[in-house]
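# Remarks on the overall topology
So you can see what is in the structure, the chains are spelled out below.
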Amino acid sequence: GLYIRNKVPPDKSDSMVRSNGGAIVKVPKFNSKDGGSPGLNRTSLRLEELDFVPACDIVAKEAISAIHRAKTQLCKQKLANITCLIQQRQLYPHHLPNSCPSPGFTAGKSLGCYRDEKKFRLLSGYYANLKTTNSPKHCINMCLQSGFPYAGVQYSTECFCGNEEPPSASRRPDSSCNMKCPADPKEACGGYFTINVFETGIAKFTPQVPREVAESGEPPVKIAFLLTLNGRALRQVRRLIKVLFHRDHFFYIHVDARQDYLYRELLVLERSLPNVRLARHRYATIWGGASLLQMLLTSMNELLKLGWEWDFVINLSESDFPVKTNNQLVDFLTANKGQNFVKSHGREVQRFIQKQGLDKTFVECDAHMWRTGDRRLPWGIQMDGGSDWVALSRPFVGYVATAVQDVHIQKDPLVEGLNTVFKHTLLPAESFFHTALRNSYFCDTYIDNNLHVTNWKRRLGCKCQYKHVVDWCGCSPNDFKPEDWPRLQGTENRQLFFARKFEPVINQAIIDQVEEWLYGPYPSNVANLQSYWQSVYHCADLSPPPDDSLVTLAASLTRLSSKGLALRADGNSCFVHPGNVLEVTSYHNNDNYKGSLLLYEAVVNGGSKTVIIETWVQPQHYMTILKDTEPSRRLKTFLVSSEYDQKEQMSRNFLHNLGPFSEPILVYQLGVNPQPSTYNVTFLWVDPAGELVEVSEVHVEDGLVGNYVKPLLREPLLPGIWTVNMVYDAAVVAFTHFLVTPLQFVSGANVSQQQAGFLHSGPGQPYQIHDAADWNKLLDNKIDRSALQRKAVVNARRFGLDLKDWIDNLNMKFYKVLDTCVTSSSRHVLLECDKLHLKICENTAWSSLAPDSKSQIGMVNLTTGRLN
Ligand code: UDX
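It should be emphasised that the depicted structure is a prediction, and the values quoted were computed from it without experimental measurement.

## A word on the overall build of the protein
A tally of helices and strands in the protein yields 25 helices and 35 strands. Relative to its 868 residues, the protein shows a buried fraction of 57%. Accessible area of the protein: about 37,500 Å², with a carbon and sulfur share of 51%.

## Describing the pattern of salt bridges
Within this structure, the stated rule accounts for 27 salt bridges. Asp852 is the salt-bridge partner of Arg235, the closest N and O atoms lying 2.9 Å from each other. Here Arg235 is found in helix H7 (residues 234–244), whereas its partner Asp852 is found in the segment after strand S35 (839–840), with 617 residues between them in sequence. Taking the shortest distance from any N to any O, the salt bridge between Lys360 and Asp374 comes out at 2.8 Å. Of the two residues, Lys360 sits in strand S12 (residues 360–365) while Asp374 sits in strand S13 (residues 368–374), which places them 14 residues apart along the sequence. By sharing partners, the salt bridges in this structure join Arg232, Arg264, Glu265 and Asp541 into a single network.

## A few points about the site of the ligand
Neighbouring the ligand are 21 residues, the closest being Thr285, Asp388, Ser476, Arg500 and Lys501. Here an oxygen atom of the ligand and a side-chain polar atom of Ser476 are 2.4 Å apart. The contact in question runs from an oxygen atom of the ligand to an N or O atom on the side chain of Lys501, over 2.4 Å. Within the complex, the protein chains bury 92% of what would otherwise be the 640 Å² of accessible surface of the ligand.

## Looking at the environment of Asp512
Structurally, Asp512 can be placed in helix H18 (residues 509–519). The class for Asp512 is buried, based on a relative accessible area of 19%. For the pair Asp512 and Asn653, spaced 141 residues apart in sequence, the C-alpha separation works out to 24 Å. Those residues in contact with Asp512, other than ones at most four positions away along the chain, are Arg239, Leu529 and Gln530.

## Observations concerning the pairing of strand S28 (residues 692–700)
In this structure, strand S27 (residues 679–686) lies alongside S28, joined through eight bridges in antiparallel fashion. Residue pairing in the sheet places Phe683 in a bridge with Ser696 of S28. Taking the residues that link successive antiparallel strands as the turn, the S27-S28 hairpin has five residues, and the phi of Gly690 there is positive, at about 80°.

## Brief notes about the packing of aromatic side chains
Under the definition given, this model contains 27 aromatic pairs. Taken together, the ring pairs in this structure connect Phe312, Phe332, Phe341 and Phe497 into an aromatic cluster. Above the face of the Phe497 ring, Lys324 is positioned so that its terminal group lies 5.4 Å from the ring centre. Across from the ring centre of Tyr767, 5.1 Å away, lies the NZ or CZ of Arg714, which sits over that ring.

## With respect to the state of the cysteines
According to the stated counting rule, one finds six disulfides in the structure shown. With a sulfur-sulfur separation of 2.1 Å, Cys462 is cross-linked through a disulfide to Cys475. A torsion of 120° about the S-S bond marks the disulfide between Cys462 and Cys475 as right-handed. Of this pair, Cys462 sits in the loop between helix H16 (458–461) and helix H17 (485–489) while Cys475 is found in the loop between H16 and H17, placing the two residues 13 residues apart along the sequence. Its relative accessible area of 10% is what places Cys462 among the buried residues. For Cys475, a relative accessible area of 2% corresponds to the buried category. Each disulfide pairs two cysteine sulfurs, and for Cys464 the partner residue is Cys473, the sulfurs being separated by 1.9 Å. The chirality of the disulfide connecting Cys464 with Cys473 is right-handed, given an S-S dihedral of about 90°. Each member of the pair, Cys464 as well as Cys473, is classed as buried. With no disulfide of its own, Cys539 has Cys841 as its nearest cysteine by sulfur position, at a separation of 16 Å.

## Concerning the environment of Ile612
Residue position: Ile612 is located in strand S21 (residues 610–619). Ile612 sits 13 residues away from Leu599 along the chain, and the two C-alpha atoms are 6.9 Å apart. Aside from chain neighbours lying at most four places away, what touches Ile612 is Leu582, Leu599, Tyr600, Glu601, Cys821, Val822, Thr823 and Ser826.

## Focus: the confidence of the model for the protein
When pLDDT is averaged along the protein, the result is 84, and 80% of the positions lie at 70 or above. Low pLDDT, under 50, characterises residues 1–41; the stretch is placed with 98 contacts to residues that sit more than four places away or in other chains. Every residue in residues 103–147 is under pLDDT 50, and counting partners more than four places away or in other chains gives 107 contacts.

## Considerations on the sheet that holds strand S16 (residues 452–454)
With respect to topology, three strands assemble into an open sheet ordered S10-S17-S16, the strand pairing being mixed. Of all the strands in the sheet, just strand S10 (320–322) and S16 have a single pairing partner and so form its edges. Averaged over all pairs of adjacent strands, the angle between strand axes in this sheet comes to 25°, irrespective of strand direction. The strands touched by H7 within the sheet are S10 and strand S17 (498–500), with S10 carrying the most contacts at an inclination of about 30°.

## As for the nonpolar core
Ile58, Leu79, Phe396, Val400 and Phe433 are the most contacted members of the largest nonpolar core, which totals 66 residues. In terms of residue count, the dominant contributor to this core is helix H10 (residues 290–305) (six residues). If near-sequence neighbours (up to four positions away) are discounted, Phe396 is found in contact with Asn340, Phe433, Ala436, Leu437, Ser440 and Phe442. Counting residues in each nonpolar core, the second largest holds 51 residues, with Ile241, Leu244, Phe332 and Ala391 among its members.

## Examining the packing of H7 against helix H8 (residues 260–267)
Pairs of packed helices are described in terms of their axes, by the angle between the two and the distance that separates them. In contact at an axis separation of 10 Å, H7 and H8 are set at 40° when each is read in the N-to-C sense. One finds that H7 runs oblique with respect to H8. Crossing geometry of H7 relative to H8 is assigned as right-handed. Facing H7, whose interface residues are Leu234, Val237 and Arg238, H8 presents Tyr261, Leu262, Glu265 and Leu266. Class assignment for the residues of the contact of H7 with H8 results in five nonpolar, no polar and two charged.

## Quick notes on H10
Its 16 residues place the ends of H10 23 Å apart at the C-alpha level, agreeing with the 22 Å of an ideal helix rising 1.5 Å per residue. Burial analysis of H10 places 12 of its 16 residues in the buried class, the great majority of the element.

Conventions used here
Residues numbered from 1 in each chain as written. Predicted model: local features only at pLDDT ≥ 70, side-chain atom pairs only at ≥ 80, totals over all residues. Heavy atoms only, no water. Helix = DSSP H or I, 4+ residues; strand = E, 2+ residues; numbered from the N terminus. Buried < 20%, exposed > 50% of the residue type's maximum accessible area, 1.4 Å probe, protein only. Areas by Shrake-Rupley, 256 points an atom, 1.4 Å probe, with all protein chains shown as cover. Salt bridge = Lys/Arg side-chain N within 4 Å of Asp/Glu carboxyl O. Near = heavy atom within 4 Å. Polar contact = N/O pair within 3.5 Å; in protein donor to acceptor, adjacent residues only side chain to side chain. Contact = heavy atoms within 4.5 Å. Pairing = 2+ DSSP bridges. Phe/Tyr/Trp six-rings, centres within 6.5 Å; stacked < 30°, edge-to-face > 60°. Lys NZ or Arg CZ within 6 Å of the ring centre and 35° of its normal. Disulfide = S-S within 2.5 Å. pLDDT = per-residue confidence, 0-100. Axes fitted to C-alpha atoms, helices over the stretch in contact; angles between N-to-C directions. Core = buried A, V, L, I, M, F, W, Y, C linked by side-chain atoms within 4.5 Å. Parallel < 35°, antiparallel > 145°, perpendicular 65-115°, else oblique. Left-handed = near helix turned anticlockwise from the far one by under 90°. Nonpolar A, V, L, I, M, F, W, Y, C, P; charged D, E, K, R; others polar. Expected span 1.5 Å × (residues − 1).

Right under this line is the structure:
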């Protein structure tokens, strides 16, 4: 089945150092173990924490925990209000209408319901006999209301009347259970009724094969692609638009409200392409958040109003890519006009509900989905869900997205009720459309196929990596890599049109392969096909707020680059004075990170004109093997960075910039062990003042081991050069250095002397390390601790030019300037300063300004309707 993720509540007790991801637990642990802070295991709210008085006495433990953990008062109040509404039974509908004319067929396990002397009881067995009752119908109703605990799961029934247990020829089935039974059934039925209660199964409708409808002369359908985007993979998004583009289709693009860069850079497409529009009403669509559904419905509503004549909406993200041509997709959907494509979970409904957390209330605020307690889903409808990647017909989109948005339109009670329920649902788009489809007049347009193949690798993708965003364990599919090609190729003869996920910073070769598969190779003279550039920083961005350590590093590297240029120009005859950093871009070639590019303004020889320069830099790694031992011999990677992605097993901080507020992570990889054995190694973290600040022990197993260690370090980290020592068999066998850069900027402004004193003095509290003396013995011969401590104190006083010097001296050791170019608009500098021998960026293969035709969006080709 499609639904293969394991969503269970997060366990905050996971040790930070236990890098393989701890066991996934089944019970919520927020109450007693919330960061170890005392007093959380209580059953009432601490009112003094709140600047409002809750409307009711909040008793649910989970709600209390959520209110306590929320950061802002506004959010705490929202959590309290919703909890009170639910406690007073004023929020959720008790019952919703089901207007599906053909409620599917029954399937699944038969659940029995019978009445003994005292009460109705639920049986999980197959058949149950009703020995004494007046009416089977009455029994079933009683049974459904009192015996069956699960709203949201629909049951159907069949009844038999006979004097023997089935299977018996004498039984008389009546699926509506409207048998006329006399007052004393014992007489009429020979003593027994048998009632089977079934969980209603999922009706399956198969889509039409295009061939069969091709002759019917139906005009080809038009598709509205609803792109829901996040992140900074601009060039991949342009590539996606390019591969999907046809002038007859439409593109409606929602960019997460927090992503200035992607929004700004895509907005320009509206100017040249009339069928592209960006959503102006933008949501901060956190992972799994209720806002994702609000965003989809608002966007669909907009799509209905734009005057565009589309027949289907297909939602896609920045990491989707087609695996069939546009024509194949159009043929298929033309043959299936009016159908709705959603993928269902394929389990028992109740099990799905529990796994998905549909029976819990979630409240979104402070960019988090807070779990506030259990809830009962409405009676009368059947919950359904699976994937949130869908292809919906225009009539159905009109049904779900009009009623909720427009006040003047009479609201459909099902849609309205579902809206209330799904405003407080985790991963709402994974169930809303399915449930609306299944219980409405559209139920027989339900096709159990979301047209997608998804690269699930549970072992990697289910590590509760969204704990900081949702009170639940979420999973993500992996990015496709060349080794996954058979899986993509396997879609060829199936009704699958898209695949996810693709990320060129992880692997671009597979995207090239898919595109070539669909549309043939690019002409051989196309340059830079194997390159990929992705923005890390742009000076025009306010959100997300730029990382001060990155801005500091970038400014420092432009100083180093300019100094290098001046030297190259033979003394100071060509003095380059760096100005603002405009952009930082990471540069990848052949799926290797090649370094980062700094685009900056500069003034040459004190002139009045600003020139724009791009410099290519590369982080330097230090790994020293001191002793030839089993683990040191196997060491392939041993470096410190941040932003470790457990799913893709790599650090997303390519430049490895770390500042006093970063969370460093040790990334290590050991080669295959020729003689199988397992053992422990220890990592000793030593700060720039020579103090041992953390000891992390890891267990090394056989085989290729890629892993990470997240130390618990106090902030602000002491700036300067840190060391991580690898200890095996009571000796330091290898070590690496990493840099924590002092900050030149805080929130974009130069730091003052006072700020520098605070930022650069370290955490202020001494570390208490168990057995420190013993560990220090292993380190002592290398460290003159008192000299380092004195130096750290002096460094913390540095500011202004002196601070910049310190920063530049450190960065010189950890970064290398590889090359520099000027933009063509700045070529006049070459005349002024011909000794620089600079290249023109637009003609330089590594430059972010080099041609990149796979992502270049040109004009619409009038013959083909596609983009040039
Ligand atoms: C998985 C499932 O495949 C997907 O169906 C479900 O919606 C989320 O979990 P995953 O890879 O984890 O996917 O999520 P991702 O593709 O990163 O995000 C899902 C959507 O939310 C994308 O459209 C993405 O652009 C958007 N998103 C995500 C945001 O808008 N903001 C965020 O902060 C995170």
